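Listed here are the chains, written in short residue letters.
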Amino acid sequence: MGTETAVTFDANVFSLETVKRALYRCSDQSQFDITSEGGAITVTFSAIDPDGLADKIRNEVLDQDLRDTLSKETANVRTLILANAFSDTGLIR
Amino acid sequence: MPVLGKKFRPPEAFDQAINGYYQLLPSRFVRLDGKRYLLSNDVGEFLVVGRGQLADYIQKKVPKGSDFYHDLKSKCFLVDGDSNVALDLLALKYRTKARRISQFTALHIFVVSLRCDYTCRYCQVSRQTDDKHAFDMSEATADKALGLVFKSPSPTIKIEFQGGEPLLNFSLIRYIVANATAENIRHKKNLQFVITTNLSLLTDEMLSFCSSHGIFLSTSLDGPEQLHNANRPRPGMDGHKLTVEGIKKAQTALGRDKIGALMTTTEKSLPAARAIIDAYLENGLDSIFLRPLSPYGFAVKTRQAYKYDVDRWFEFYKEGLDYILEINRQGHRFVELYTELVVNKLLSPFSTGYVDLQSPSGAGISAIVYNYDGDVYASDEARMLAEMGDKAFRLGNVHDDGYEDIMLSDTLLDMLESTLSESIPMCTDCGFLPYCGTDPVYHHATQGDMVGNKALSGFCGKNMKIFRHVVLLLEDDPEARETLLGWVRP
Ligand code: SF4
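Reading guide: rules and limits
Residues numbered from 1 in each chain as written. Chains lettered and ligands numbered in written order. Predicted model: local features only at pLDDT ≥ 70, side-chain atom pairs only at ≥ 80, totals over all residues. Heavy atoms only, no water. Phe/Tyr/Trp six-rings, centres within 6.5 Å; stacked < 30°, edge-to-face > 60°. Helix = DSSP H or I, 4+ residues; strand = E, 2+ residues; numbered from the N terminus. Buried < 20%, exposed > 50% of the residue type's maximum accessible area, 1.4 Å probe, protein only. Salt bridge = Lys/Arg side-chain N within 4 Å of Asp/Glu carboxyl O. Core = buried A, V, L, I, M, F, W, Y, C linked by side-chain atoms within 4.5 Å. Domains from an automatic or database assignment. Contact = heavy atoms within 4.5 Å.

S.K.: I'd like to hear about the packing of aromatic side chains, residue by residue, with values.
M.R.: All names here are of chain B. In this structure the tally under the stated criterion is 16 aromatic pairs over all chains. Seen in terms of ring centroids, Trp313 and Tyr317 are 5.4 Å apart; in terms of plane orientation they differ by 25°. Their pairing is stacked. Taken together, the residues Trp313 and Tyr317, both in helix α13 (residues 307-329) and 4 residues apart, mark about one turn of the helix. Accessibility assignment for this pair places Trp313 and Tyr317 in one class, buried. Aromatic ring contacts, followed pair by pair, group Phe46, Phe432, Tyr435 and Phe467 into a single cluster.

So this is what it looks like as structure tokens:
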């Protein structure tokens, strides 16, 4: 279905995890092959509107990168808040 | 330095902040349109921001003293050297939001009869038979179910009678109302009753019983006569006439606030949003719930996600909501109930009890269904699925299982655990998470597992579209905003 297209990301800038998570959000649009080689992460797919999907993937990867920073930076404080929230409810002993 | 008091910080504190020192607090975001994002935190505070602002925030480049910095700080998206109050505040707010989990099961649905005088095509559960014993709930089953109802820790208990057509077994409704009312003298709960009925069998005697017990009626009105009768065939094709007459009678006998109507959306409804709303107005109803197409039946057979239909349904919803906002602008208060729910989720600190918009799933926690034969299900959809042969969400039977067996059943616990949105791929970092929920039965029916891939999910597709639409209305359309703010409960 459609033309085969590849989008490449610099592995020094984006992690494989970030790219995978971004692709999950696009999984209603196509199926993706991912390879990581020589400092490049390459995503290959077929789509009826390959340019449109390539743009969406790039945007999703940029968003996901921010999301990953946000969740890494706040993981500890989230645990702290939750522990505090349930500290005298009898739910956590 | 107590002399200075808390308001005055040493100069170093400002230097640190100016150098970009602040700590991010847990938050998530989601794209709203080409330019804007919704940034939200666990307790449901949100900001609409541009991409540059979002990146600055996360990369800790927001200049201290800017309006944006102030907004982020006051809504608990960051803490700085000045104050750690935000952490305590967040914990407190989180606790308020989570309170419903410990006060579970407010809605108890009694399926008093599967028999029905209608032959609706989309209905999966009803039976056309005169054999009362096969498909009516017995007093013995009702007794056992009532025993479970009063074990629920919720301070509010709503007992809803459903069918089939529950009025076909009205003697049991009387029995349950009398016994529950008597039992409640001891429990002192806020006890309410609702009968979900097509009204065709409603008699004056039934109405006077409803009136003396404060019973609320909920009926089905699918729109104008032709559409209603096409959706809900009844032998004689007089369903619409009977419903409309029943609504009038009930409004007169019980008061207008004691009768509401729900619609079922079918293919035929999609081009008729305005006509449907007009039918509600003509019948003196002051709200409508523009419900999505039900996936049950079709989806169970094909295991197809319902994405395509979501897009078409959303156009219907948008057209309907536009029209409703116009009606409100003209000074007539008329509410779309799902939008009202979403606006309250966005703007009110109190957790709403709507089953589908909760994490973990509201099934079992907010609602529980006692079927005519005593089987217990986690939601009404779970019961429909069971009638179609899939008993995956059966929690037990009132004759064999006690309260603990049912509430601690593996089925329910697995369902709750796997439906914590906080741990579901895509939901885990979706900005709509604090307002959204999960629907394990829907995802089981459409994708074969309770969690489901949200990118393929009609549930997610629908909610994303509605949330985006409502947030952008609040942002961009001052008149719509004014109406929507009027729907927020104090
Ligand atoms: S179901 Fe969809 S809209 Fe809801 S939280 Fe999950 S990803 Fe967001």
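S.K.: Which residues make up the pattern of salt bridges, and what are the values?
M.R.: In the structure shown here, the tally under the stated rule is 29 salt bridges over all chains. The residue Arg51 of chain B makes a salt bridge to Asp63 of chain A at a minimum N-O spacing of 3.2 Å. Residue Arg51 of chain B is located in helix α2 (residues 51-58), and its partner Asp63 of chain A is located in helix α2 (residues 50-85); the two belong to separate chains. Residue classification places Arg51 of chain B among the partly exposed residues on the basis of a relative accessible area of 28%. Across the pair Arg274 of chain B and Glu326 of chain B runs a salt bridge whose closest N-O atoms are separated by 3.5 Å. Taken together, the positions of Arg274 of chain B in helix α11 (residues 273-282) and Glu326 of chain B in helix α13 put the pair 52 residues apart, joining distant regions of the chain. The class of Arg274 of chain B is partly exposed, set by a relative accessible area of 37%.

S.K.: Could you give me a rundown of the nonpolar core, with the residues and numbers involved?
M.R.: Membership of the largest hydrophobic core comes to 115 residues, with the highest contact counts inside it found for Phe110, Ile159, Phe161, Leu217 and Tyr370 of chain B. The element contributing the most residues to this core is helix α19 (residues 458-476) of chain B, with 10 residues. When residues are assigned to domains, this core turns out to be shared by domain 1 (22-98) and domain 2 (104-407) of chain B, each giving three or more. The residues touching Ile159 of chain B, leaving out its near neighbours within four places in the chain, are His108, Phe110, Leu146, Val149, Ala180, Leu191, Gln192, Phe193 and Val194 of chain B. Leu70 of chain A together with Ala55, Tyr57 and Ile58 of chain B belong to the second-largest nonpolar core, a separate cluster that totals 19 residues.

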